[in-house]
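Each chain, written out:
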Number of protein chains: 2
Amino acid sequence: MLALTTKTRDRVFAIAPFLNTCIRRLLPICRCIAAGAVLMAVVAGARPAHAEDGYDLWLRYRPLSGESAQAYRASTTRLIAPATSPTQIAARHELLHALTGLLGNAPPTADAVDGDGALVVGTAASSPLIARLKLDTAKIGREGYLIRSVVIDGHAATVIAANDDIGTLYGAFHFLRLLQTNQPLQHLDLRESPRLKLRLLDHWDDLDGHIERGYAGASIWDWHKLPDWLDPRYTDYARANASIGINGSVLNNVRANALSLTPLYLEKAAALAGVFRAYGIRVYLSARFSAPIEIGGLKTADPLDPQVRRWWRGKADEIYKAIPDFGGFLVKANSEGQPGPKDYDRTHAEGANMLADALAPHGGIVIWRAFVYANEKPDDRAKQAYDEFVPLDGKFHDNVLVQIKNGAIDFQPREPFHPLFGAMPKTPQVLEFQITKEYLGFATHLAYLGPLYEETLAADTFARGKGSTVAKVVDGSLYGDKHSKDALTKSRLTGMAGVANIGTDRNWSGSQFDQANWYVFGRLAWNPSASSRAIAEDWVRMTFSNDAAFVTPVVDMMMRSREAVVDYMTPLGLHHLMAHDHHYGPAPWDASGKRADWTPVYYHRADRNGIGFDRSATGSNAVAQYMPPLAQEFGDVKRVPEQYLLWFHHVSWDHRMSSGRSLWDEMVYRYTRGVEQVKQMRATWHGLDGKIDADRYAQVAAFLAIQEKEAQWWRDASIAYFQSINGLPLPAGFAPPAHPLDYYEALSFPYAPGHG
Amino acid sequence: MLALTTKTRDRVFAIAPFLNTCIRRLLPICRCIAAGAVLMAVVAGARPAHAEDGYDLWLRYRPLSGESAQAYRASTTRLIAPATSPTQIAARHELLHALTGLLGNAPPTADAVDGDGALVVGTAASSPLIARLKLDTAKIGREGYLIRSVVIDGHAATVIAANDDIGTLYGAFHFLRLLQTNQPLQHLDLRESPRLKLRLLDHWDDLDGHIERGYAGASIWDWHKLPDWLDPRYTDYARANASIGINGSVLNNVRANALSLTPLYLEKAAALAGVFRAYGIRVYLSARFSAPIEIGGLKTADPLDPQVRRWWRGKADEIYKAIPDFGGFLVKANSEGQPGPKDYDRTHAEGANMLADALAPHGGIVIWRAFVYANEKPDDRAKQAYDEFVPLDGKFHDNVLVQIKNGAIDFQPREPFHPLFGAMPKTPQVLEFQITKEYLGFATHLAYLGPLYEETLAADTFARGKGSTVAKVVDGSLYGDKHSKDALTKSRLTGMAGVANIGTDRNWSGSQFDQANWYVFGRLAWNPSASSRAIAEDWVRMTFSNDAAFVTPVVDMMMRSREAVVDYMTPLGLHHLMAHDHHYGPAPWDASGKRADWTPVYYHRADRNGIGFDRSATGSNAVAQYMPPLAQEFGDVKRVPEQYLLWFHHVSWDHRMSSGRSLWDEMVYRYTRGVEQVKQMRATWHGLDGKIDADRYAQVAAFLAIQEKEAQWWRDASIAYFQSINGLPLPAGFAPPAHPLDYYEALSFPYAPGHG
């Protein structure tokens, strides 16, 4: 009899749910294979496709054309991949599942190379074949991988090699991407490793299933049925994330509910962690700063109070008992009504460090958000985070990162990069993007955010001279790894976080094209220098088709789409003119919010004479938060890029633009151009009818029609309002708004989704 | 050139979205057919099944076994079915889609019978072939149909004939059911017509997507994207309902929001009506009685106020302009805080008649709910609806129906039938069942409600002597059609309503087996005398398998399942002992509700000496609301059926039961038996592993595990509590509760789904 040690038994139990899932999902594949691979190949093109609803994301694995498939089959004649650890099983399963779909049948699995075309997957530890190759994996780290064309025992083969199982899984997805995007498999010599250590999705999911700023249905976390029911969707979520390198998931809203930290909910979070673990994804939780009061029975949450510190240490111990690889806490403190250390006259650093100390013994981290501003302060909202956090640089413990939104206001269609980037050299900074389109048309507007992300990452902070891009700040390369050692590894912590756009909608993201925003976020978090256009092309090929007549116009359309939104919503640096709370539709007239800095009039400051927020030296002087070369450029109305004109300056309506038009005429021109752009997108899409499945074609077409309607609404309402302020005529040839201003002002949408 | 009249053009536009949907859904089928029917037949059994997630409901249409398929192909060699009206198109599409799935290929469509095995579908008006047969369709009405084996031009054929297109669609679904359940197609002579005119689903869906008592995700109505985006799911919803004869859908919660009646939302409801129309489903709306104040700008909603009456007439005109076949209003008035006519000292009849008058010119109806009770009244809640409504019999206008829950309290696992049934002979009574399992374990407990529905329908009211079943009250046959004429037809209005269990969960109903409750409700609304066991068998065969080794044990399990819930939750007539508000789990100790009649202690009245609600002559005398034979039986503690003992009587803990046990011992026995029953269900299911797809097997298995855990919780918490009251020992051999009482009392589930 075999006597299991307790530890071994625990491990077996820990992976049992995962194995169950694997077995369940592998069964249909096994049945197929048994039914005859040849038959499969014949019918692959003919079988009645089930509804193409977008569920499969970019991992569709639909049959490739005969010619491509033929070539790829020659390079995947057998699969030699160990499958003893959960991650190894996941990698092997993905390869078998994908190759079955793409090529009509799965390659046989094998142990030795006895012919050409073997695909060999593993680490030196897991695979004797790979050990023999003595590949140079020294510099690719734990998560990196090599994909190489090699010769083994006289036979051509392809290896996917890594230092750790998770690297082989990432490599397997990369290898599959080559097939999905119709790349050759000859002479491969790929070497990849992530530039950022933390690649996180932030879910703003509440315990009741509502998602703040969610436009894709309810939360996919079925808290009520967890931990007992593990929806297969959790596994598909993990697969999708692993395929783009995301390695952490913050399960709950930053406006956190302390109940998430109670045993009832920790057991549920642990069940999710159990599903995600094989895919290299750690679970994080948003922590409510006042939890010691709300669920701990204490009278205070003062971070310097010994009882509070003890409570959090105990809580951390409890969490790590349930989730041994728990990632850490994300915290929104003293922001928009959330509790925080300042309630006790402590600094953000004191608050963050207290939590960090509780997590440190377990290797956990704290991600502390810099999105803070106070209505009570008479100062420009855009300046407050900088003013608050820069003095704290150097005061955070090693396992604390500060998470900063891409811009200083709030995920607008366009913002200049946040001046905090590069301004806290001693503090690891996590760049936070919003993937969900709170301010860019919810789920129905086609707006590819790749160019927005790329614009921020490529922006030069000048923090250490020219070339000090936000990307270099975030990946730490600007600081040469010398300022800090951290709790996870010996080098500086780095990270990027995306506010997820994932919900229970069948297509995950609310629309087919919003899947691309999840995808590009992951790819850029892996490599912040990647091209958003190249990523869009990968995504289109994997998600829809390799047909160039489809790929090219669609990628072009995607690349222009974000600029269209800027044009029809908030051109020339205008910002935050959306309706209150739900942010659906235009409300530049709104002055009724309970906080001035939540009202559009606070931001556009339009009057009879001009428009724009003066953040130059004559105004709030927010420009001074940027490094001198930029401060001068942004602060000078003659030099500021026009796309930021009204962000930094209040100018007269007849201000002369580079086009030769007056500001007012230029605004009307841009609003109109935005609508025209959407019309062109509709025409483009219309011309592609028949090139993809009818189901997804129809949904995109319907959503583009909504987008056009709403773009027109944005244009007309905005023009009507600003015209009521400036009394100016429209330039010749531009249609007046369809309705008078009071029509737009009277529109009301109390149940628009995603409210905060 | 063809000049369209305005009316014709409007009609074309009205069906345009529907045609779009049809075309989109037919495309893949056409492609298949083009790809070669023979190939299809070969591969039908071999193709990799997509995940079996339950989305297809009982309309799965998976390939039949070779032998059955062979026989059925001979009876469907060609399809002769007109397809000019939307309903005809829907019927033809369903037949082609289903036969493709079931038999591997679709029969060719044809115009003439030139060989054996034609399937001929239509009305005398639409099909010359059917006109020639001169079938006797006089008595089957507008919705009925015949399915007959006939000889046409010397060839054996099958006809599906009706008086109206909707009859042919119903007939098509019935015909398909024969194949799906493995019935012979020879010598068919079926004649079907619905016993009830209104067969309705009541959706308790709020405008924000929340569903009151919803356990299957959020509302499937995507109000935000309506009317522009018509989710294909709306069509599948209509198909599923038409397949079981449901002909009306109340879109919004009876706790209504007046905004549902504003132009913004009427346009959205009209879009849904446009999808449903072809499937014979009318749209209804819950109307908030105070809407004239909230959205009409009036100062009152007094039903006798001329302005109020004018406002509702105008609103009705507006609705019918948008939805020409609008069904009418459902109203919850003066109940649980809802506004109503009593706010103005008017009767329910005055309120209902005012709305009925507004709808009458358009053929609309009012369904007025009798679920009223007032905390302020010192009287037994169970008596109040009867006391309020019986005096109003004869006072309602012809187009008003009164909707009555199956029991006098609230959808408990078991209640005696509502005494109002049969007590208002002049008033059409709609029987309201709850399909969603608010009180029967939410989505995770397997509880087939067919036996519950059947028990109510078969209950004898004695209203006109023995044999006056609730079914005969509801279908009007008890009254011989003589008391009323109505607005829709010349005969009495009749109806049954089910509170839907439908949500965005992929499987629609939250669990695989909850689909059966939707199914059986529809089938019983069509024929209230049908057998719930026979319907369960149909459902199992259509949904899972025709394998007798699967069908028999699963039907047996389903038929016993509801009694198991009664046992482990509320045996022997106990009721409403669920936790407050969300009703998740036991809370017999709870006395903290803001209304006495919302607390468990109000209902069980347990003390040191005994337990039960005395509704006999010595107590509230609710028994007197039943006809004399029943009043005597229910009122006599010696004669009352034991299943209603504690519903009608307060008896001592040592009351002797027919088993010979004391009441307390019997309670412990029944609680325990309920848990044992669930264990048996798990064992049964475990033994069926491999007989169906792994995906659905796994979900059911996981949910049964949850059910066992929660059944144990119910048993243990209930026993612990009642033992704390009576101080009695457990009978020998019965395990004590796993935890002390305070453990159960401390459990808290603030985010349990479906709150009110």
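Before reading further, recall that the structure is shown in the block above.
What counts as what
Residues numbered from 1 in each chain as written. Chains lettered and ligands numbered in written order. Predicted model: local features only at pLDDT ≥ 70, side-chain atom pairs only at ≥ 80, totals over all residues. Heavy atoms only, no water. Helix = DSSP H or I, 4+ residues; strand = E, 2+ residues; numbered from the N terminus. Rg over C-alpha atoms; globule rule 2.2 N^0.38 Å. Buried < 20%, exposed > 50% of the residue type's maximum accessible area, 1.4 Å probe, protein only. Contact = heavy atoms within 4.5 Å. Areas by Shrake-Rupley, 256 points an atom, 1.4 Å probe, with all protein chains shown as cover. Lys, Arg positive; Asp, Glu negative; His and termini not counted. Charge placed at Lys NZ, Arg CZ, Asp CG, Glu CD. Phe/Tyr/Trp six-rings, centres within 6.5 Å; stacked < 30°, edge-to-face > 60°. Pairing = 2+ DSSP bridges. Axes fitted to C-alpha atoms, helices over the stretch in contact; angles between N-to-C directions. Parallel < 35°, antiparallel > 145°, perpendicular 65-115°, else oblique. Left-handed = near helix turned anticlockwise from the far one by under 90°. Nonpolar A, V, L, I, M, F, W, Y, C, P; charged D, E, K, R; others polar. Core = buried A, V, L, I, M, F, W, Y, C linked by side-chain atoms within 4.5 Å. Expected span 1.5 Å × (residues − 1). Salt bridge = Lys/Arg side-chain N within 4 Å of Asp/Glu carboxyl O. Polar contact = N/O pair within 3.5 Å; in protein donor to acceptor, adjacent residues only side chain to side chain.

Caption draft 1: Representation of the overall build of chain A within the structure. The secondary structure content of chain A amounts to 23 helices and 15 strands. Scaling as 2.2 N^0.38, a compact globule of 756 residues should have a C-alpha radius of gyration of about 27 Å, and chain A matches this with 27 Å. Across its three principal axes, chain A shows a C-alpha extent of roughly 85 × 65 × 50 Å. Per-residue burial for chain A yields a buried fraction of 62% across its 756 residues. Restricting the contact set of chain A to residue pairs at least 6 apart, pairs at least 24 apart contribute 72%. Total accessible area computed for chain A in this model is approximately 26300 Å², and 53% of it derives from carbon and sulfur atoms. Computing the positive centroid from 79 side-chain charges and the negative centroid from 82, chain A places the two 4 Å apart.

Caption draft 2: Highlighting the packing of aromatic side chains. Residues and elements named next belong to chain A. Per the stated rule, a full pass over the model turns up 95 aromatic pairs over all chains. Between Tyr 584 and Phe 749 the ring centres are 5.0 Å apart and the planes differ by 90 degrees, which places this aromatic pair in the edge-to-face class. Residue Tyr 584 is located in the loop between helix H17 (548-569) and helix H18 (600-604), and its partner Phe 749 is located in the segment after helix H23 (741-746); the two are separated by 165 residues in the primary sequence. In this structure, Tyr 584 and Phe 749 share a single accessibility class: buried.

Caption draft 3: Layout of the sheet that holds strand E8 (residues 282-286) of chain A. All names here are of chain A. Spatial ordering of the closed barrel is given by E6-E7-E8-E9-E10-E11-E12-E13, a layout of eight strands whose pairing is parallel. For this sheet, the mean inter-axis angle between neighbouring strands, taken without regard to orientation, is 25 degrees. When E8 meets strand E9 (residues 328-331), the two strands line up parallel, connected through three bridges. Its bridge partner being in E9, Ser 286 is matched across the sheet by Leu 330.

Caption draft 4: Representation of the packing of helix H10 (residues 306-322) of chain A against helix H11 (residues 348-359) of chain A within the structure. Residue and element names in this part refer to chain A. Orientation of H10 relative to H11, taken along the N-to-C sense of each, is 45 degrees, at an axis distance of 8 Å. In terms of axis orientation, H10 runs oblique to H11. In this structure, H10 meets H11 at a crossing whose hand is right-handed. Residue-level inspection shows Val 308, Arg 309, Trp 312, Arg 313, Ala 316 and Tyr 320 of H10 in contact with H11, the latter providing Met 354, Leu 355, Asp 357, Ala 358 and Leu 359. Residue composition of the contact of H10 with H11, grouped by class: eight nonpolar, no polar and three charged.

Caption draft 5: Region of interest: the nonpolar core. Formed by 231 residues in total, the largest nonpolar core has its most connected members in A:Phe276, A:Trp312, A:Trp518, A:Met667, A:Trp685 and A:Phe722. Per element, the largest residue contribution to this core is eleven residues, and it comes from helix H22 (residues 694-726) of chain A. Residue contacts for A:Trp685: discarding those within four places in its chain leaves A:Phe513, A:Phe544, A:Phe550, A:Val554, A:Met557, A:Ile692, A:Arg696, A:Tyr697, A:Val700, A:Ala701 and A:Leu704. Counting residues in hydrophobic clusters, the runner-up holds 230 residues, among them B:Val275, B:Ile319, B:Ala447 and B:Phe722.

Caption draft 6: Here's a closer look at the pairing of strand E11 (residues 400-405) of chain A. All names here are of chain A. Within E11, six of the six residues are buried, which leaves the element mostly enclosed by the surrounding structure. Where strand E10 (residues 365-369) lies against E11, four bridges are found, and the strand directions are parallel. When the sheet's bridge partners are listed, Trp 368 is paired in E11 with Val 402. Pairing of E11 with strand E12 (residues 429-434) involves four bridges; the strand directions are parallel. Each bridged residue has a counterpart across the sheet, and for Val 402 the counterpart in E12 is Gln 429.

Caption draft 7: Layout of unusual backbone geometry. Residues and elements named next belong to chain A. Of the consecutive residues Leu 226 and Pro 227, the connecting peptide bond is found in the cis state with omega at 5 degrees. Along the polypeptide, Pro 227 turns up in the loop between strand E6 (198-202) and helix H7 (232-243). A positive phi angle, close to 70 degrees, is found at Asp 581, a residue other than glycine. With respect to the secondary-structure elements, Asp 581 resides in the loop between H17 and H18.

Caption draft 8: Structural context of the sheet that holds strand E4 (residues 155-162) of chain B. Residues and elements named next belong to chain B. Pairing in this open sheet of five strands is mixed, and the strands run E1-E2-E4-E3-E5 from one edge to the other. The sheet terminates laterally at strand E1 (78-80) and strand E5 (189-192), the two strands that pair on one side only. If you compare each strand with its neighbour and ignore which way they point, the axes differ by 20 degrees on average. As paired strands, strand E3 (residues 145-152) and E4 are joined by eight bridges and run antiparallel to one another. By the bridge assignment, Ile 147 is partnered in E4 with Ile 160.

Caption draft 9: Representation of the pairing of strand E4 (residues 155-162) of chain A. Residues and elements named next belong to chain A. The buried fraction of E4 amounts to six of the eight residues, a majority that puts the element mostly inside the structure. Across six bridges, strand E2 (residues 118-123) lies against E4 in parallel orientation. Its bridge partner being in E4, Val 121 is matched across the sheet by Ile 160. In this structure, the hairpin formed by strand E3 (residues 145-152) and E4 is closed by a connection of two residues, where Asp 153 is found at a positive phi of approximately 50 degrees.

Caption draft 10: Spatial organisation of the side chain of B:Asp302. Here B:Asp302 is to be found in the loop between helix H9 (291-294) and helix H10 (306-322). What B:Asp302 contacts, discounting residues up to four positions off in sequence, is B:Val308, B:Tyr344 and B:Arg346.

Caption draft 11: Geometry of helix H8 (residues 263-276) of chain A. Under the 1.5 Å per step criterion, the end-to-end length of H8(A) is 20 Å for 14 residues, consistent within 8% with the ideal 20 Å. Counted residue by residue, H8(A) has eleven buried out of 14 residues, so it is predominantly covered.

Caption draft 12: A look at the pattern of salt bridges. Inspection of the entire model under this criterion finds 95 salt bridges over all chains. For A:Asp514, the salt bridge identified is with A:Lys437, shortest N-O distance 2.7 Å. Of this pair, A:Asp514 sits in the loop between strand E13 (495-499) and helix H15 (515-526) while A:Lys437 sits in the loop between E12 and helix H13 (450-458), and the two are 77 residues apart along the sequence. By relative accessible area, which is 2% here, A:Lys437 ends up buried. Linking B:Asp380 and B:Arg615 is a salt bridge whose minimum nitrogen-to-oxygen distance equals 2.7 Å. One end of the pair, B:Asp380, is in the loop between strand E10 (365-369) and helix H12 (381-389); the other, B:Arg615, is in the loop between strand E14 (610-611) and helix H19 (628-635), and 235 residues separate them in sequence. B:Arg615 matches B:Asp380 in its accessibility class, with the two residues each being buried. Salt bridges linked by common partners bring B:Glu52, B:Asp56, B:Arg60, B:Arg62, B:Asp693 and B:Arg696 together as one network.

Caption draft 13: The arrangement of the environment of A:Lys332 in detail. All names here are of chain A. Mapped onto the elements of the fold, Lys 332 is located in the loop between E9 and H11. With relative accessibility at 6%, the residue Lys 332 sits in the buried group. Considered as a pair, Lys 332 and Ile 295 are 37 residues apart in the sequence and their alpha carbons are 18 Å apart. With residues up to four places along the chain from it excluded, the contact list for Lys 332 reads Val 254, Arg 255, Gln 338, Pro 339, Arg 369 and Phe 371. A distance of 2.7 Å separates polar atoms of two side chains, one belonging to Lys 332 and the other to Glu 336.

Caption draft 14: Up close: the environment of A:Met627. All names here are of chain A. Position of Met 627 relative to the elements: it lies in the loop between strand E14 (610-611) and helix H19 (628-635). For Met 627 and Gly 465, which are 162 residues apart along the polypeptide, the C-alpha to C-alpha distance reads 9.1 Å. Excluding anything up to four places from it in sequence, Met 627 contacts Gly 422, Thr 461, Phe 462 and Ala 463.

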